[in-house]
Amino acid sequence: MAVLEITAENFEEEVLNSKVPVLVDFWATWCGPCQMQGPVIEQAAEEFPQIKVGKLNVDEQGGLSQKYGVMSIPTLILFREGQVAQKAVGFHSLEEIAKLLG
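As the structure is a computational prediction, the values presented were derived from the model and not from experiment.

Basis of the calculations
- Residues numbered from 1 in each chain as written.
- Predicted model: local features only at pLDDT ≥ 70, side-chain atom pairs only at ≥ 80, totals over all residues.
- Heavy atoms only, no water.
- Buried < 20%, exposed > 50% of the residue type's maximum accessible area, 1.4 Å probe, protein only.
- Helix = DSSP H or I, 4+ residues; strand = E, 2+ residues; numbered from the N terminus.
- Arc of directions from axis to C-beta.
- Contact = heavy atoms within 4.5 Å.

**Comments concerning helix α4 (residues 94-101)**
Inference 1: For α4, every residue scored as buried is listed here: Leu94, Ile97, Leu100 and Leu101. Taken end-on, α4 shows its buried residues confined to a sector of 110°, consistent with a single buried face. Counted as exposed and oriented over 90 degrees from the buried face of α4: Glu95 and Lys99.
Inference 2: Check the buried side of α4 and you find it contacts β2 (22-27), α2 (32-47), β4 (75-80) and β5 (83-89).
Inference 3: Within two residues after α4, Gly102 carries a phi angle of roughly 80°, on the positive side.

Shown next, in the form of structure tokens:
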């Protein structure tokens, strides 16, 4: 499954109302570790078809970043049934993401 671009406009539909768990990567273009995380997020979208994977640019979507307490990036947040289920800050390998997904 392709990685979705998550914005304020589609957040409710794609994340909060999703029937499947959603992993959201909070990132920014200027963030070095975020650039390293990007390919791993792409790989996670391929490896774990049972979840939805999205990327949210914190510079463009500051309100959502603030709402979910994102202070450092990259931050990965796993949503289940519209609620935060897991949160992980910093770069994470595919193996670590697999553990996060449970």
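Now that the structure has been shown, we can carry on.
**Observations regarding the environment of Val24**
Inference 1: Assignment of secondary structure puts Val24 in strand β2.
Inference 2: On the accessibility criterion, Val24 (0% relative accessible area) is buried.
Inference 3: Along the primary structure Val24 and Thr75 are separated by 51 residues, whereas in three dimensions their C-alpha atoms are 8.2 Å apart.

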